[in-house]
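Working through the structure, step by step
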Amino acid sequence: MSTTEPARVHAPPAAIDELVATLARMLHGPGRLKADLLTEARHGLADAAHAYRADGLAPPAAERRAVADFGPVRDVAPVYQEELVAGAARRFALWLAAIPVLVTIGADQMWRGAPWTGSPRPAGYLPLAETVDASGYVLTATALAAYAWLLWAARRGRRVTGVARVVAAGGLTAVTALLLAGGALYLLTVRVSAAALTWQPMLLGGLLIVAVLGSLGAGAARCLAYARHSPVRPRPRPAGG
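On a predicted model such as this, the values are computed, not experimentally measured, just so you know.

**Observations regarding the packing of helix α2 (residues 31-54) against helix α3 (residues 59-70)**
Running from amino to carboxyl end, α2 crosses α3 at an angle of 125 degrees, the nearest separation of the two axes being 8 Å. With respect to each other, α2 and α3 are oriented oblique. Handedness of the crossing formed by α2 with α3: right-handed. Each of A41, L45, A48, A49, Y52 and R53 in α2 lies in contact with α3, whose residues at this interface are P59, A62, E63, R65, A66, V67, D69 and F70. Looking at the contact of α2 with α3 residue by residue, the classes come out as 10 nonpolar, no polar and four charged.

So this is what it looks like as structure tokens:
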């Protein structure tokens, strides 16, 4: 005996749900910030639809009118994408400013109580270490300045994608340079004492520094990826969104 499964009726998605889902697929950025922007858009659309229902429109028609007022997604998405790029760049700049402090703490722990502390440093060690320290101050100051500018620009509705690319690319370069310099300092330390190969604070501190710098490098790559999705000239953000 065969049975026929009743046909399932798929109701078309509501206009607001469909627009928000389409917008979500088009945006690329930090998860929490993206979710906040989509929630903001949904609430704005819901408020507009509610106003139209109060004027006597049926719910489906009210949603369609609110969506029409919002504008085509292809025109609206670039504005939200710009906000995502700005948010990612600000967060990255703050992390970049903190990196020299974290690296200094890690390096201090690596040398604390080391059996080779009183040994003479090999040629080139002190100049390289001093250069790394000085570069850290410059990096922190530059990153904080970039964060302040990004915050100022966002509050005034200015484009930040270009600066975000520069900050991310500069941060990626700085991370690479710090990794190379750290590796060189470690090799020079091994020349002073082979104990550096098994000195646990040295190994743990080095792993911490590599993990932090690797995470920052990944953040820079994500920021650059988000910026690639940002248009050249986003349109002004619609009042309903």
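**Digging into the nonpolar core**
Core analysis: the largest hydrophobic core is formed by 22 residues, its most contacted members being F92, L96, I99, L178, L213 and L216. Mapped by element, the contributors of at least two residues to this core are α4 (73-111), α5 (125-155), α6 (161-192) and α7 (200-228). The element contributing the most residues to this core is α4, with seven residues. With near-sequence residues (within four places) excluded, L178 lies in contact with I99, V132, L139 and L213. Grouped together as the second largest cluster of nonpolar side chains are 20 residues, A49, A62, V76 and A77 included.

The rules behind the values
- Residues numbered from 1 in each chain as written.
- Predicted model: local features only at pLDDT ≥ 70, side-chain atom pairs only at ≥ 80, totals over all residues.
- Heavy atoms only, no water.
- Axes fitted to C-alpha atoms, helices over the stretch in contact; angles between N-to-C directions.
- Helix = DSSP H or I, 4+ residues; strand = E, 2+ residues; numbered from the N terminus.
- Parallel < 35°, antiparallel > 145°, perpendicular 65-115°, else oblique.
- Left-handed = near helix turned anticlockwise from the far one by under 90°.
- Contact = heavy atoms within 4.5 Å.
- Nonpolar A, V, L, I, M, F, W, Y, C, P; charged D, E, K, R; others polar.
- Core = buried A, V, L, I, M, F, W, Y, C linked by side-chain atoms within 4.5 Å.
- Buried < 20%, exposed > 50% of the residue type's maximum accessible area, 1.4 Å probe, protein only.

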